[in-house]
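Close look at the chain arrangement
Here is what each chain is made of, one letter per residue.
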Amino acid sequence: MAVSEEESSSSSSSTSSASNSRSSQSNGVHYLAKCVLRGSVVLHVVHGHLRSPSSYDVVFAKETSIELVAIGEDGVMQSICEQPVFGIINDIAILPWTDKLRSGNPQTTGKDVLLVVSDSGKLSFLTFSNEMHKFFPLTHVQLSPPGNSIHHIATRLAVDSSGSYIAVAAYQEHVALFSVSASSNFDMIDKRVTYPPEPEDDLMSSGLQPTSNPFSVNPLSAESIGEDSDIVPPVLNTGGTIWSMCFISKSSDQLNKEPNPLLAMIVNRRGSSLNELVLLEWDITENSVHVLSRFVEGGFLALKITEVPGSRGLALLFREGDILLMDLNDSCNPTCVQTINLGSSVSEEHDSMEDSFRLQDDDEGFIAAHALLQLQAYGFDLNYLKKGDDPMSIDNEICHANSVLKCECPCSWEPGVDINPRMVFSVDSGEIFIIEITVDIDGTYMTLSNCLYNGHSFNTLLWTESGFVAAIVDMGDGVVLKFGEGGLEFSSAIQNIAPILDMSVMDYHNEKHDQMFACCGKAPEGSLRIIRNGISVERLLRTAPIYQGITAIWTLKMRTRDSCHSFLVLSFVEETRVLSVGVSFTDVTESVGFLPNVCTLACGLVADGLLVQIDNSSVRLCLPTGVAHSDGIPMTYPACTSWSPDNIGISLGSVGPNLIIVATSNPCMLIVVGVKPVSMYNYELYEMHHVRLHSELSCISIPQMTCTEKGSPLPVGVDVGTTFVIGTHKPSVEILSFVCGQGIRVLATGTISLTSTAGVAVGGCIPQDVRLVMVDKLYVLSGLRNGMLLRFEWPTMSWASDLPCRKSSLFVKPDSLKTSSPAMVASQLFGVASFEKPKDNDPVHLQLIAVRRIGITPVFLVPLTDSLDADIIALSDRPWLVQAARQSLSYISISFEPSTYVTPVCSAECPKGLLFVAENCLHLFGKITPVSSCTYGPSLMVEMVHSKRLNVQKFHLGGTPRKVLYHSESRLLLVLRTELESESFSSDICCVDPLSGSVLSSFKFKLGETGKSMELIKVGKEQVLVVGTSLSSGPAIMSSGEPESTKGRLIVLSLEHSQNSDSGSMTICSNVGSSSHQTSPLYEASGYSAEVISNSSCCSSPDDICDGVKLEDAEAWQLRLSYSTTWPGVILAICPYLEHYFLASSGNAFYVCGFSNDNPQRVRRYAIERTRFTIVSLTAYFTTIVVGDCRDGVLFYSYHEMYCDPGQRLIADCLLTEPKTAFVSDRKGSFTVLTSLNHLEDNVSPERNLTVSCSYYMGEVSMSITKGLFSYKLPVDDGFKECVAGNTGSDKSHYSIMAGTLLGSIVIFIPMSRDEYDLLKVVQARLAVHPLTAPILGNNHNEFRSRESKVGVPTILDGDMLAQFLELTSIQQEAVLGLPCATAEVSSSFRLSHSTISVNQVVQLLERVHYALN
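Per-chain numbering applies: the sequence of each chain, read as written, is numbered from 1 onward. Note on the predicted model: pLDDT of at least 70 is required for a residue's local features to be given, and 80 or more for side-chain atom pairs to be given and counted; whole-chain, interface and lining totals, by contrast, use all residues. Computation of side-chain values: all heavy atoms of the structure, hydrogens and water removed.

**Quick look at the overall build of the chain**
The condition is simple: Think of it this way: any DSSP run of H or I at least four residues long counts as a helix, any run of E at least two long counts as a strand, and we number them from the N terminus. Exposed residues in this analysis have more than 50% of their type's maximum accessible area, buried residues have under 20%, and partly exposed residues fall in between, with area computed by a 1.4 Å probe over protein chains only. In this description, accessible areas are obtained by the Shrake-Rupley approach with a 1.4 Å probe, and a residue is regarded as covered only by the protein chains that are shown.
Helices and strands together make up the secondary structure of the chain, namely 16 helices and 95 strands. The 1414 residues of the chain split such that 62% are buried. Per element, the accessible surface of the chain, about 52,300 Å² overall, is 50% carbon and sulfur.

**Topic: the packing of aromatic side chains**
The line we're drawing: Aromatic pairs are defined between Phe, Tyr and Trp rings, using the six-membered ring for Trp, whenever the two ring centres lie within 6.5 Å; interplanar angles under 30 degrees are classed as stacked, those over 60 as edge-to-face, and all others as tilted. Each ring is checked for a lysine NZ or an arginine CZ that lies within 6 Å of its centre and within 35 degrees of its normal; such an atom marks a charge sitting over the ring.
If you walk through the whole model with that rule in mind, you get 20 aromatic pairs. Between Phe517 and Tyr966, the aromatic rings sit 6.1 Å apart at their centres with planes inclined by 15°, giving stacked as the arrangement. Residue Phe517 is classed as buried on the basis of its relative accessible area of 0%. The ring of Tyr1151 is capped by Arg1165, whose NZ or CZ atom sits 4.7 Å from the centre of that ring. Seen from the ring of Phe1173, Arg1191 lies directly overhead, with NZ or CZ sitting 4.7 Å from the centre.

**Thoughts on the side chain of Glu276**
The cut-off we apply is this: Polar contact is defined as a pair of N or O atoms within 3.5 Å, subject to the rule that within protein one atom must be able to donate a hydrogen and the other to accept it, and that residues adjacent in sequence are counted only when both atoms are side-chain atoms. Contact definition: two residues touch when any of their heavy atoms are within 4.5 Å.
Its place among the elements puts Glu276 in strand 19 (residues 276–283). In terms of polar contacts, Glu276 uses its side chain to reach the side chain of Arg294, at 2.4 Å. Not counting residues up to four positions away in its chain, the partners in contact with Glu276 are Met265, Ile266, Val267, Arg269, Arg294, Phe295 and Val296.

**With respect to the sheet that holds strand 41 (residues 600–607)**
Within a sheet, each strand pairs with its neighbour through backbone hydrogen bonds, oriented either parallel or antiparallel. What counts, and what does not: At least two bridges found by DSSP between two strands are what make those strands a pair. Convention adopted: a line fitted to C-alpha atoms gives each axis, helices being fitted over their contacting stretch, and angles between N-to-C directions are expressed from 0 to 180 degrees.
With respect to topology, four strands assemble into an open sheet ordered 41-42-43-44, the strand pairing being antiparallel. The open sheet has two edge strands, strand 41 and strand 44 (639–643), and neither has a second partner. Direction aside, the axes of adjacent strands within the sheet are offset by 20° on average. With five bridges connecting them, strand 43 (residues 619–623) and strand 44 associate as antiparallel partners. Each residue of the ladder has a partner; that of Arg620, found in strand 44, is Ser642.

**What about the nonpolar core?**
We apply this condition: The nonpolar core is taken to be a set of buried Ala, Val, Leu, Ile, Met, Phe, Trp, Tyr and Cys residues, with the residues joined through side-chain atoms within 4.5 Å.
Of all hydrophobic cores here, the largest spans 37 residues; its most connected members are Leu277, Ile305, Leu316 and Phe425. Among the elements that line this core, the one with the most residues is strand 22 (residues 314–319), at five residues. Phe425 has contacts with Phe318, Ile323, Leu342, Pro410, Cys411, Glu431, Ile432, Phe433, Ile435, Leu448 and Leu461, leaving out every residue within four places of it along the chain.

**Points about the confidence of the model for the chain**
Heads up, the condition is: Every residue is assigned a pLDDT by the predictor, reflecting its confidence on a scale from 0 to 100.
Averaged over every residue, the pLDDT of the chain is 78; the share at 70 or more is 74%. Ignoring residues within four places in sequence, the model shows residues 344–407, a span with pLDDT below 50, making 146 contacts including any to other chains. Low pLDDT, under 50, characterises residues 928–948; the stretch is placed with 149 contacts to residues that sit more than four places away or in other chains.

**Considering helix 14 (residues 1370–1377)**
Threshold: Directions from the helix axis toward the C-beta atoms define the arc.
Listing the buried residues of helix 14 in full gives Gln1373, Val1376 and Leu1377. Within helix 14, the buried residues cover an arc of 95° as seen down the axis, which keeps them to one side.

**Comments concerning the side chain of Thr1174**
Position of Thr1174 among the secondary structure elements: in the loop between strand 82 (1163–1170) and strand 83 (1175–1181). Residue class for Thr1174 comes out buried when judged on its relative accessible area of 2%. Those residues in contact with Thr1174 that sit more than four places away from it in its chain are Ile1037, Gly1041, Glu1042, Pro1043, Leu1132, Gly1147, Asn1148, Gly1188, Asp1189 and Cys1190.

**A closer look at the pairing of strand 33 (residues 487–494)**
The pairing of strand 32 (residues 478–484) with strand 33 spans seven bridges and is classified as antiparallel. Each residue of the ladder has a partner; that of Lys482, found in strand 33, is Glu489. Linking strand 32 back to strand 33 in an antiparallel pair, the connection comprises two residues, with Gly486 at a positive phi of about 85°.

**Here we look at the pattern of salt bridges**
Defined as follows: Take a side-chain nitrogen of Lys or Arg and a carboxyl oxygen of Asp or Glu: if they are within 4 Å of each other, that pair is a salt bridge.
Taken as a whole and assessed by the stated rule, the structure comprises 34 salt bridges. Across the salt bridge formed by Arg269 and Glu276, the nearest N and O atoms sit 2.8 Å from each other. As a salt-bridge pair, Arg878 and Asp877 come within 3.4 Å of each other at their nearest N and O atoms. When its relative accessible area of 9% is taken as the criterion, Arg878 is described as buried. Using a relative accessible area of 18% as the deciding quantity, one classes Asp877 as buried. Members of the salt-bridge network, linked through shared partners, are Asp477, Glu525, Arg529 and Lys954.

**Examining unusual backbone geometry**
Put simply, Tyr195 and Pro196 share a cis peptide bond, and its omega is -15°. You can see Pro196 is positioned in the loop between strand 14 (189–195) and helix 2 (200–206). Here the residue pair Ala498 and Pro499 is connected by a cis peptide bond, since its omega of -10° sits within 30 degrees of zero. Checked against the element boundaries, Pro499 lands in the loop between strand 33 and strand 34 (500–507). Look at Asn287: it is not a glycine, yet its phi comes out positive at around 55°. Note that Asn287 resides in the loop between strand 19 and strand 20 (288–295). Since its relative accessible area comes to 17%, Asn287 is described here as buried. Residue Asp1158 is not a glycine yet carries a positive backbone phi of 55°. Among the secondary structure elements, Asp1158 is positioned in the loop between strand 81 (1149–1155) and strand 82.

**Digging into helix 11 (residues 1314–1327)**
Note that an α-helix has 3.6 residues per turn; residues three or four places apart therefore point the same way. To keep it simple, the criterion reads: Take the residue count of a helix, subtract one, and multiply by 1.5 Å to get its expected span.
Compared with an ideal rise of 1.5 Å per residue, which puts 14 residues at 20 Å, helix 11 spans 20 Å between its outermost C-alpha atoms and is within 8% of the ideal. Across the 14 residues of helix 11, 12 count as buried, placing the element largely inside the fold. Among all positions in helix 11, only Glu1316, Tyr1317, Asp1318, Leu1319, Leu1320, Lys1321, Val1322, Val1323, Gln1324, Ala1325, Arg1326 and Leu1327 are buried.

**Some words on the pairing of strand 75 (residues 1048–1057)**
A large share of strand 75 lies buried, amounting to eight of its 10 residues. One ladder, built from seven bridges, connects strand 74 (residues 1022–1030) with strand 75; its direction is antiparallel. Along strand 75, the bridge assignment pairs Thr1029 with Arg1049. Judged from the 10 bridges that link them, strand 75 and strand 78 (residues 1117–1127) form a sheet pairing that is antiparallel. Looking across to strand 78, one finds that Glu1056 is bridged to Gln1118.

As structure tokens, then:
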């Protein structure tokens, strides 16, 4: 029977109560788990009208979450929402809405329903709520007990084309059929039946009905079936593994006679080398299932069957080497109409299914296989586990994913086409073809196209209504393809960072802004991903890619004090367009007066109503008309005037309040242009002053604010109203002042001189952009052409706080106008090597305070507002938000693709917007918010509102990256790669520049040797890289858990710096000499954490410098072999031990090793210890050693004591957080905290059991766990800390654990105090049963999170469940807290009465956790 939400919640509550009542104390260890980046592996894709009858929505099923996406007209995929399901998804399908069915259901009227089968054992009917912006269950149908047994009917889904019938199958033997109810109530199911029948007790528990005549067969006699016939006699049940199934529509002449659904299945029987096509018919009247026929044709192995839309009785049967067009109108005699041979694109070899399932019969010998069998829903199918494969190696799980693709046969029909339908499909080689089915007077036949696209092996294909094809890859980025001339063309990428095989989390200079370097993907799509906290953007608009050749964009106001912008100026290579800013952007170029046929170099507002345009030949002053703006002049055409230099081209220009400045390059001159009124609406431009320069200018910036805040200190001689900044090719930055009648004066200069450690000058240090910033004091930001960001400040003695404000205007009365004498040669913009107080007329020499490299392309700086303390967008090879900090540099990445230009846009509809230019598109964003995934798309406008997200940057490395370490001295990443395509080697260790992703050098292993582990070990004052390898490509572990006889090699590598490179390690050497840095009071100290100013926080990048001295070591670093020796087993694990020792495993033994006399060429083994089975992980904390045994679990070694894991555990990774506490991940998808508590009783045995403190079942395997936390400070954090100061204790972030999974998820475990844990545990229990927040697939939340753990073990808090509390309204939050306590155990453990729990108290605690982790 169907189970409603209330019944499901009640059942969940009672089960949770029974489980929690046996819970024990967690020994003082309390954690909260929060997923900050959801898995990116897409296993199933469907499309339908889910949000509304007119919307076209795509659903990605990602194993433990559901994501709703939309593909735009430009082929860019945009995520709409993603939500966890608190379960494991097995399959999804769309139940189309029809007038006949569910006509009275207001929740689903006109909208399709999403069907999901999962490990809950239920068939869930989900609908999308536009109000709550997520999926909610309509009802659940119980199919089987919870879990993922191969006999549970909750694995595969099929829906007939009319939406009247649903089929659900198990992996083996069982199938259930349902008819969809046409009534108006919420019970979606009318009739149901199973085949073959189950025992009555099981049927009563699941609510399914047996067939009344389950053994009916077709009446074919044995004589009518010859030996060579494709038709084989039917059997009593399916009796094998169900690979694929679909409904077959009846032809029109049969529709009235036999209205019974027909189900076609591909079945593999044990011991059979070929699969069968089995046809089942459900007799609705008798409620019985009949096996009509079995079709087997010699040759290739059948993989998948799919119905041909609009052609009743036809189906395509995919086999390993060909495609069969089947006519199933005569269900008892299916026939093959046509065969298309696909050649040798796929292998013909397949093992029997019997061998793969035989692994489960021996619990002792194949305990690892049991665990992997439960992971087959992740895409690692054990059906193809061949003899000799290592069932305990995660490598084999990855390899098996390729085999799964053969079963999937990715294909998709063209949507909405029933006449001559077409299908796009892919083969294992990555080639994509189209098949067209044609029905005419000559019959029915297939037509196969040529190869349209050749990529990687795809897992899923989807042909969208807009004509795009989404192609999903298991272990690499997917693609969105568009139809072009002669085939499919790349349109955009679908990010997939899975699997995360290793990761390294770095906190640069203790600024509490971690970045993760992750090894992702599998050969040939292996990549290194840099994952960092950032600011998310909420896109409002994305235009078509029609803006080719944009050179710059600006937004202009009509009056200085206007709150909103009036115009958007787009400059192209040979054109300029002006658009009005508002609800719609209208072209008003003619009404504004800008020249449309020139490339604009600069533009701006020089005074109220006066706009200036600068091109390469002239300066143009325009007064827009009333058509362009309501405050424009009342004339038909705009009033315009121009000025041009004599026979000289303009190279640069800038416009500010009462100031117009242009520069020329040949000769190098700086010219000040003035404006004077002649009559009403008539002005004249003229040259006020010019100077000749010795160096060409690279940029000019005029502050847009004429006054600073009252009391703000200014350097002596500086008046913001007369000051501007320039960058020169010298290179240098210069602060200049222009006062009418006095000319231009140099106020300050900062020379840029960066050299390598070898004394070679670093190129590309020319300023690309400069800005004045005012936060407590005035300083200069400069972006360089080589991707660096610099901060200059005035020396301390030059500051004065009470300087009178001087004002000047370029607008002079005609009678008082005087022509200034030109200064043919100005004072050279250079400095002296001293910080002594300059003379009255000498420029001050700026001090270089901080340098950061934020990219590898020129850095453009765009303030968000006209204020001097505004945050700034910095554009390089990726966008950054540079915060106006009091000291140092503070910036954070923006979750958007590389952009060429950006400008703030302020309008009534979008008061804090941004307009980006990317990929020839304009992107308008309404929100910029500090959330976890990648933002898709190219130009945008955004509103800056702080919420957090993770940004992912990809560096393609090739092969399969297995291990990654960060070498602080060289500032390089050390990456161990395998499966490289080279004749001389297949594995190496490479040095990677974390900025550009380029491989600088590598150490290649021997042919046939594979790297397995590596670790940086301290030797004296240096670090060496200790590497463990396998000298054979075979498995390292036998199926019993014992090590293979394969030998390994221990290698010690020294990372040496080469001195013969021209580029690399750079030191800052200003003109003042190195001694000035030591005496400067503003010298940036190591480990300084920048203050939070202007809604921002500190953040850094991998190439940040300390103390303004060292910028980057990108010189040639080489890995040199120092030591090598062969060991008897494969070295799977290495870790540091104490100060100068290391641990290394070899088979089932591990050694304590060290370096004699601190010599990396002399390795000595001091001690050895053996375990029963192969050691897969090692970790140490002071003197405590933790060993991960592949079968016995975790073993603690501490002097003469040893603590053992109380149960067997398939260890994936292990981390010691404290001397007596270990955080463990296993290959069943669980996390466990184990402790070795002091035993009070005397125990003569040195072996004692560890205590399981708490556990958390995630359903995803993590191969890498480490300490760390993605966090940066928000303004709201201070308030939260004050509110919970009595409960938080010390900073828990130092003890947080990060884990990356094979599905691409990143989860953080943060310690909680006992009071916090007890409070949130009560809230979680109530959220788990409330209709708005309960698991949408009908899982018992407590049962799911405590899966794979023993009864009584406390569970870690579920941050994803708790985060839903923040999404509710205050009334809904009160309703959740008002629910009766879900379990007696929760009530007793919570020290306060539930009546004392306030919404404000819970919200404050959850927001603190949410903002810190999300």
